Amino acid sequence: MNIARILSVGAVALAALYTVALTAPVAAAKDWKTVTITLEGAYAPWNLTNPDGTLGGFEPELAKYLCDHMKVDCTLVASDWDGMIPALTAGKYDVIMDALSITEERKKIIDFTIPYAHTHAAFATAKDSPLANAAGTGTVIKLDPGANAKEIDALKEAFAGKTIGIQAATVYSKFIYDNFGSIATVREYKTGAERDLDLESGRIDLVFDDAVYLISAFEKANGTLGFTGPEIGGTIFGSGEGLGLRQADTDLRDMFNKAIQAALDDGTIKTLSMKWFKTDVTP
């Protein structure tokens, strides 16, 4: 009898739990009315800070289109590049929009939208440097991860013993360490602007970065800097630049995907590309 009573009570308890489970409200997806987007505000022409403190550039203008399309109120906030992904995962921001390359390594930590741009990378040096006009200057090569190209071997020979400046925590820094770390001195910088000033002053020999960013840097340096060696494209730096989001926010990702696709379909991204980059970076 005691055993039967225990089993009976257990059955009632389980039935009660089942009823609660059925009647308990299901957590609804977040109603995205406001979104906070972070960017550097110092990576022109992707994004920049205007004299009045507002944010401008390709990405802030594209963000306005995307948010208007989604009917979401977006706030743009400038922050340091090297802390963006930790701040995103900690909930400080909802989206990263800072020429963020979509890579498999980053996908282990955050999620991405479809790409809204795809650009090349390149070396730059002083125009009067003996490193100017290295082999392949003016051409573009396409590389996949792990690929070995004769053009890179030629650059290794030309840049041996030199100092190459990179912005920390970028896909470009990994490329430089992997390919030039054993033959050159690699110097990391918190921002591209700090690094570019060292190149202008002759404290480093070369820099490596996004090609359209470097064109803007050349203008700031009054034409004293220029590309050297080939521009490097392909999938070695990922599948393009996309918005970074928390992995749990799949609904927000899908909203942005639809808006990005609309911007691709109606030519908005191409128009903004020509305005800010003077070339089409449509992926």
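Student: Just checking my understanding: could you explain the packing of aromatic side chains for this structure?
Tutor: One pass over the structure, following the stated rule, counts 16 aromatic pairs. Pairing Phe175 with Phe208 gives two aromatic rings, centres 5.1 Å apart and planes at 20°, and the pair type is stacked. Of the two residues, Phe175 is situated in helix α6 (residues 171–180) and Phe208 in strand β12 (residues 206–210); the sequence distance between them amounts to 33 residues. In textbook terms, an aromatic cluster arises when at least three aromatic residues are bridged by ring pairs, as seen for Phe123, Phe159, Tyr172, Phe175, Phe180, Phe208 and Phe237.

Student: Is there a simple way to think about the confidence of the model for the protein in this case?
Tutor: Close inspection of predicted coordinates is inappropriate for parts of the model with low pLDDT. Across the protein, the average pLDDT comes to 91, with 90% of residues at 70 or higher. Scored below 50 in pLDDT, residues 1–28 makes 0 contacts in the model with residues more than four places away or belonging to other chains.

Student: Hey, could you run me through the sheet that holds β12 in this one?
Tutor: In sheet architecture, strand pairing relies on hydrogen bonds along the backbone and comes in two forms, parallel and antiparallel. As summarised here, the arrangement of the 6 strands in space is β9-β13-β8-β12-β10-β11, forming an open sheet in which the pairing is mixed. Each edge of the sheet is formed by a strand with only one pairing partner; in this case those strands are β9 (140–142) and β11 (185–189). Each neighbouring strand pair of the sheet contributes to a mean axis angle of 30°, computed without reference to strand direction. Pairing of strand β8 (residues 121–126) with strand β13 (residues 225–233), which is carried by 5 bridges, proceeds in the antiparallel orientation. Bridge pairing in β13 places Thr125 opposite Gly226. Each of β8, β10 (163–167), β11, β12 and β13 is contacted by α6, which is oriented at about 155° to β10, the strand it contacts most. Each of β8, β12 and β13 is contacted by helix α8 (residues 211–220), which is oriented at about 125° to β12, the strand it contacts most.

Student: I'm lost on the state of the cysteines in this one. Help?
Tutor: Disulfide: a covalent bond connecting the sulfur atoms of a pair of cysteines. A complete count under the given rule lists 1 disulfide for this structure. The disulfide bridge from Cys67 ends at Cys74, spanning 2.0 Å between sulfur atoms. Negative torsions about the S-S bond denote left-handed disulfides, and the value of about -90° found for Cys67 with Cys74 makes this one left-handed.

Rules of the game
Residues numbered from 1 in each chain as written. Predicted model: local features only at pLDDT ≥ 70, side-chain atom pairs only at ≥ 80, totals over all residues. Heavy atoms only, no water. Phe/Tyr/Trp six-rings, centres within 6.5 Å; stacked < 30°, edge-to-face > 60°. Helix = DSSP H or I, 4+ residues; strand = E, 2+ residues; numbered from the N terminus. pLDDT = per-residue confidence, 0-100. Contact = heavy atoms within 4.5 Å. Pairing = 2+ DSSP bridges. Axes fitted to C-alpha atoms, helices over the stretch in contact; angles between N-to-C directions. Disulfide = S-S within 2.5 Å.

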